[in-house]
Amino acid sequence: MESIEAIAKVKRIVYDCFEKGEDFRDFEDKIAKAFANSLALSQRDLEKVFRGTLMRGYTDGLLKTVEHPFIKLGFPYLSFDAIGDDRTPRTHLALEHFGLDGTNIYRRDDPFWRLFMPPLTDLCRCSVGAMTTRMAAGKGVKEAQIGRASCRER
């Protein structure tokens with residue numbers, strides 16, 4: 001079992017990599033140097049730590065941004081975006097089709113987000129995107145198309 005000090009050290013390395021814009025390989029190199037390859041975490045566990053922290057930080061930052069009073073009205077929608085490769089679970093890909101009008105777009109205040117805010121699993125690479133009404137309309141969201149049309153009539 002790893003010590004509290006080791007966990008704190010890993011956490012500091014993760015944050016250092018994020019601040020410098022470094023990727024997972026840089027993180028692995030720093031972990032190897034810091035622990036002289038003695039840390040009892042597998043490659044998969046290291047990736048979980050790195051990706052999970054990255055995705056939680058990204059999502060938290062995005063949500064804080066779109067809740068700001070100056071921005072809130074301009075971005076009423078969020079998109080659920082899965083990485084479409086062979087590592088992506090089918091359940092994550094499916095969430096791109098359960099949104100408004102069969103899209104990956106949901107209202108920002110939809111209860112969906114309480115259950116399905118990325119990251120969904122340890123190695124989840126799904127993300128969230130802020131969407132304007134114009135963007136949602138362009139992706140086929142009918143309520144956004146109607147809302148834009150009524151705005152133009154005024």
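Note that this is a predicted model, so its numbers are computed, not measured.

**Student:** Help me out: how do you make sense of the side chain of Thr53 in this one?
**Tutor:** With respect to the element layout, Thr53 can be found in helix H3 (residues 43–66). Residue classification places Thr53 among the buried positions, given a relative accessible area of 18%.

**Student:** Got a minute to help me understand H3 in this structure?
**Tutor:** Residues spaced three or four apart along an α-helix point in a common direction, a consequence of the helix completing one turn every 3.6 residues. For H3, which comprises 24 residues, the first-to-last C-alpha distance of 34 Å matches the rise-based estimate of 34 Å (1.5 Å per residue) to within 8%. Of the positions making up H3, those classed as buried are Leu46, Glu47, Phe50, Gly52, Thr53, Met55, Thr59, Leu62 and Val66. Those residues of H3 that are buried are in contact with helix H1 (4–20), helix H2 (24–35), helix H4 (69–72) and strand E3 (127–131).

**Student:** Explain the nonpolar core to me, please; I cannot follow it from the model alone.
**Tutor:** Counting residues in each nonpolar core, the largest one holds 14 residues, and the members touching the most others are Phe80, Tyr106, Phe112, Trp113 and Val128. For this core, the secondary-structure elements that each account for two or more residues are H3, strand E1 (77–81), helix H6 (112–116) and E3. In contact with Phe80, not counting residues within four places along its chain, are His92, Leu95, Glu96, Asn104, Tyr106, Phe112, Trp113, Phe116, Pro118, Leu120, Cys126 and Ser127. Counting residues in hydrophobic clusters, the runner-up holds 12 residues, among them Ile13, Cys17, Phe35 and Leu46.

**Student:** I'm lost on the pattern of salt bridges in this one. Help?
**Tutor:** Side-chain pairs of opposite charge can arise whenever the charged atoms involved come near each other. Counted by the stated rule, this structure contains 10 salt bridges. The residue Glu143 makes a salt bridge to Arg107 at a minimum N-O spacing of 2.4 Å. Here Glu143 is found in helix H8 (residues 142–153), whereas its partner Arg107 is found in strand E2 (residues 105–107), with 36 residues between them in sequence. Its relative accessible area of 31% is what places Glu143 among the partly exposed residues. The network of salt bridges with common partners includes Asp16, Lys20, Glu22 and Lys30.

**Student:** Just checking my understanding: could you explain the packing of H1 against H2 for this structure?
**Tutor:** Each pair of packed helices can be summarised by the angle the axes make with each other and by the distance between the axes. One can describe the packing of H1 onto H2 by two numbers: an axis separation of 10 Å at closest approach and a directional angle of 145°. Both H1 and H2 take part in a crossing whose hand is right-handed. Along its contact with H1, which presents Ala6, Lys9, Val10, Ile13, Val14, Asp16, Cys17 and Lys20, the element H2 presents Asp26, Phe27, Lys30, Ile31, Ala34 and Phe35. The class makeup of the residues in the contact of H1 with H2 is nine nonpolar, no polar and five charged.

Parameters and conventions
- Residues numbered from 1 in each chain as written.
- Predicted model: local features only at pLDDT ≥ 70, side-chain atom pairs only at ≥ 80, totals over all residues.
- Heavy atoms only, no water.
- Helix = DSSP H or I, 4+ residues; strand = E, 2+ residues; numbered from the N terminus.
- Buried < 20%, exposed > 50% of the residue type's maximum accessible area, 1.4 Å probe, protein only.
- Expected span 1.5 Å × (residues − 1).
- Contact = heavy atoms within 4.5 Å.
- Core = buried A, V, L, I, M, F, W, Y, C linked by side-chain atoms within 4.5 Å.
- Salt bridge = Lys/Arg side-chain N within 4 Å of Asp/Glu carboxyl O.
- Axes fitted to C-alpha atoms, helices over the stretch in contact; angles between N-to-C directions.
- Left-handed = near helix turned anticlockwise from the far one by under 90°.
- Nonpolar A, V, L, I, M, F, W, Y, C, P; charged D, E, K, R; others polar.

Geometric descriptors of this kind do not, in isolation, establish any biological role.
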